[in-house]
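Structural characterization, general
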Amino acid sequence: MTADRNGTAPEDTTSATAEVPDSSAVRVALWRALHVQVDAPPPVFEDEIGLRLADPGDDWRRRPDMDPDATSGFRAAVVARARFIEDLVTERAGHGVTQYVVLGAGLDTFTQRRPELAARLRVFEIDRPGAQLWKRRRLTELGYGVPDRLRLVPVDFEADEDWWSLLSAAGFDPGLPAVVASTGVTQYLTRDATAATLRRLAGLAPGSTLALTFLLPAELLDPADRPALAATAPRARASGTPFVSFYTPGEMLALARDAGFRTVEHVPGTEFARRRFADRTDGLRPSTGEDLLLATV
C-alpha cells in the first residue's frame, strides 16, 4: 500500500489489480509540484515530474486538498522528508552503495529526475501490482520508459505475497549493501507487521541503511497540529485504511534495536525544519506529527 503522511489518509481504497495509482500517492505528487509552483524559491525539493505522471487535469490546483494555505504544513513535511532521503541516497552512493529500495513507491520520480545519480544505482520500487502497471504505462507514454536500472516490483500485500522473495527475483542482491526508504506506511500496519519488516531489513548486508517514517501519538504533536490528526483519523477509518499504529520515538528505536540493527537514530520532524526551512522568507514550516527512524546494519 502506498500512503501519505501526517494524518492525511487515502480518500478511497483500491484493489491490488486496479490499474490506477492510490489517491494518497497522487496527493503527495501534487503537493511536491505545488511546492515548486506556489512557495517562495528556492524549493526545498523540486519535482514536477510526478505531476506529469498523475496527469490530474488543468483544475488540479482547485482541489480542496491543494489549498496553498490550509495544506502548507503537510506540503512542507512531504518535501522535507523527500529531501532528507534523497540527500541520504546521494551520500551513500558516494560511499559505494549501489542498490536503492523504495517500499511503497507510489509516484516516486527519483530515476527520472536524477538520471546521473540513478545510473550509479539499481533502483527497486515496490508497490501493488495495479499501481505498477499504471506507472509503467505512464512512464512509457511520457517518453521515460523503464530502463534496466529501474526495477518495478509488484507485490500484492493483500494476498500476503513475500515481498522479499519478489525483490530478490527482480535482481536485488542481498549480499550487497542498500539504502531502503519507507515513508508514510507504518501508521497503516500493526506493530507486529512493522517489527517483522524491521527484522527482515536488519538482515541486509553490512553497510545498509534504512530510513523509515512513523506517526507520533497526538500528545507529542504541537498543539496547533492536533486538530488535523483528529479530523483525518475518522476519514482514514471510513476509507478502509485506518491509522493502526503510532509510536513514541523511544518505542520505534526499541523496535529497531530488537530487530538487530547495529545503530539506530531518531530524526525529529523539527530537525527537518531546522535544516531546510530556517532561512525561508515565506514562513513555510513542516507540521509536526511524523518523525523518522534512521538505522544501519
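Preceding this paragraph is the structure being described.
Residues numbered from 1 in each chain as written. Predicted model: local features only at pLDDT ≥ 70, side-chain atom pairs only at ≥ 80, totals over all residues. Heavy atoms only, no water.

**Concerning the environment of Gly171**
Applied cut-off: Secondary structure follows DSSP: runs of H or I at least 4 residues long count as helices, runs of E at least 2 residues long count as strands, and numbering of each begins at the N terminus. Only protein chains enter the accessibility calculation, which uses a 1.4 Å probe; a residue is then buried when its area is under 20% of its type maximum, exposed when over 50%, and partly exposed in between. In what follows, a contact means two residues having at least one pair of non-hydrogen atoms within 4.5 Å.
Within the secondary structure, Gly171 is located in the loop between helix H7 (163–169) and strand S4 (179–182). Residue class for Gly171 comes out partly exposed when judged on its relative accessible area of 29%. When residues no more than four places from it in sequence are discounted, the contact partners of Gly171 are Gln99, Arg122, Phe124 and Arg151.

**Some details on the side chain of Asp127**
Defined as follows: Identification of polar contacts relies on pairs of N or O atoms within 3.5 Å, with a donor-acceptor requirement for protein atoms, meaning one able to donate a hydrogen and the other able to accept it, and with residues adjacent in sequence counted only if both atoms are side-chain atoms.
Relative to the assigned elements, Asp127 resides in strand S2 (residues 122–127). Separated by 2.8 Å, the side chain of Asp127 and the backbone nitrogen of Gly106 make a polar contact.

**Remarks on unusual backbone geometry**
Cis geometry is adopted by the peptide bond preceding Pro42, which originates at Pro41 and carries an omega value of -5 degrees. Relative to the helices and strands, Pro42 is located in the loop between helix H1 (23–38) and helix H2 (49–54). Phi at Asp55 takes a positive value of approximately 50 degrees, unusual for a residue other than glycine. Among the structural elements, Asp55 can be located in the loop between H2 and helix H3 (72–93). Look at Asp55 and you get exposed, because its relative accessible area is 55%.

**Examining the sheet that holds strand S7 (residues 290–296)**
Each strand in a sheet pairs with its neighbour through backbone hydrogen bonds, running either in the same direction (parallel) or in the opposite one (antiparallel). Inclusion rule: By definition, two strands form a pair when at least two bridges between them are found by DSSP. Where helices are involved, their axes are fitted lines through C-alpha atoms of the stretch in contact, as for all axes, and angles between N-to-C directions lie from 0 to 180°.
Taken in spatial order, the seven strands of this open sheet run S3-S2-S1-S4-S5-S7-S6, and their pairing is mixed. Lying at the two open borders of the sheet, with one neighbouring strand each, are strand S3 (150–154) and strand S6 (263–267). The average undirected angle you get between the axes of adjacent strands in this sheet is 15 degrees. Pairing between S2 and S3: five bridges, direction parallel. If you follow Glu125 over to S3, its bridge partner there is Leu152. Here H3 sits on the sheet and contacts strand S1 (99–103), S4, strand S5 (209–215), S6 and S7; the angle it forms with S5, its principal contact strand, is near 170 degrees. Across the sheet, helix H8 (residues 191–202) touches S1, S4, S5 and S7, and the angle it forms with S5 is around 170 degrees.

**Details of the packing of H1 against H3**
Our working definition: We call two directions roughly parallel when the angle between them is under 35 degrees, roughly antiparallel when it is over 145, roughly perpendicular when it lies between 65 and 115, and oblique otherwise. In this classification, Asp, Glu, Lys and Arg are treated as charged, Ala, Val, Leu, Ile, Met, Phe, Trp, Tyr, Cys and Pro as nonpolar, and every other residue, Gly included, as polar.
Remark: H1 packs on H3, axes separated minimally by 9 Å, with the N-to-C direction vectors making an angle of 100 degrees. By the angle between their axes, H1 is roughly perpendicular relative to H3. Residues Val28, Trp31, Arg32, Leu34, His35 and Val38 of H1 form the contact with H3, whose participating residues are Phe74, Arg75, Val78, Val79, Arg81 and Ala82. Grouping the amino acids of the contact of H1 with H3 by side-chain chemistry returns eight nonpolar, one polar and three charged.

**Some points on the pattern of salt bridges**
Our working rule: The salt bridge definition used is simple: a Lys or Arg side-chain nitrogen within 4 Å of an Asp or Glu carboxyl oxygen.
As enumerated under the stated definition, the model contains 22 salt bridges in all. With a shortest N-O distance of 3.5 Å, Glu91 and Arg92 are connected by a salt bridge. Take Glu91: its relative accessible area is 36%, and that puts it in the partly exposed class. According to the relative accessible area criterion, Arg92 is buried, its value standing at 17%.

**Considerations on the packing of aromatic side chains**
Put simply, the rule is: Pairing of aromatic side chains requires ring centres within 6.5 Å, counting the rings of Phe and Tyr and the six-membered ring of Trp. Pairs whose planes differ by under 30 degrees are stacked, by over 60 edge-to-face, and all others tilted.
One pass over the full model with this rule turns up nine aromatic pairs. Consider the rings of Trp31 and Phe74, whose centres lie 5.9 Å apart with planes at 35 degrees: the pair is tilted. Taken together, the positions of Trp31 in helix H1 and Phe74 in helix H3 put the pair 43 residues apart, joining distant regions of the chain. Residue class for Trp31 comes out buried when judged on its relative accessible area of 1%.

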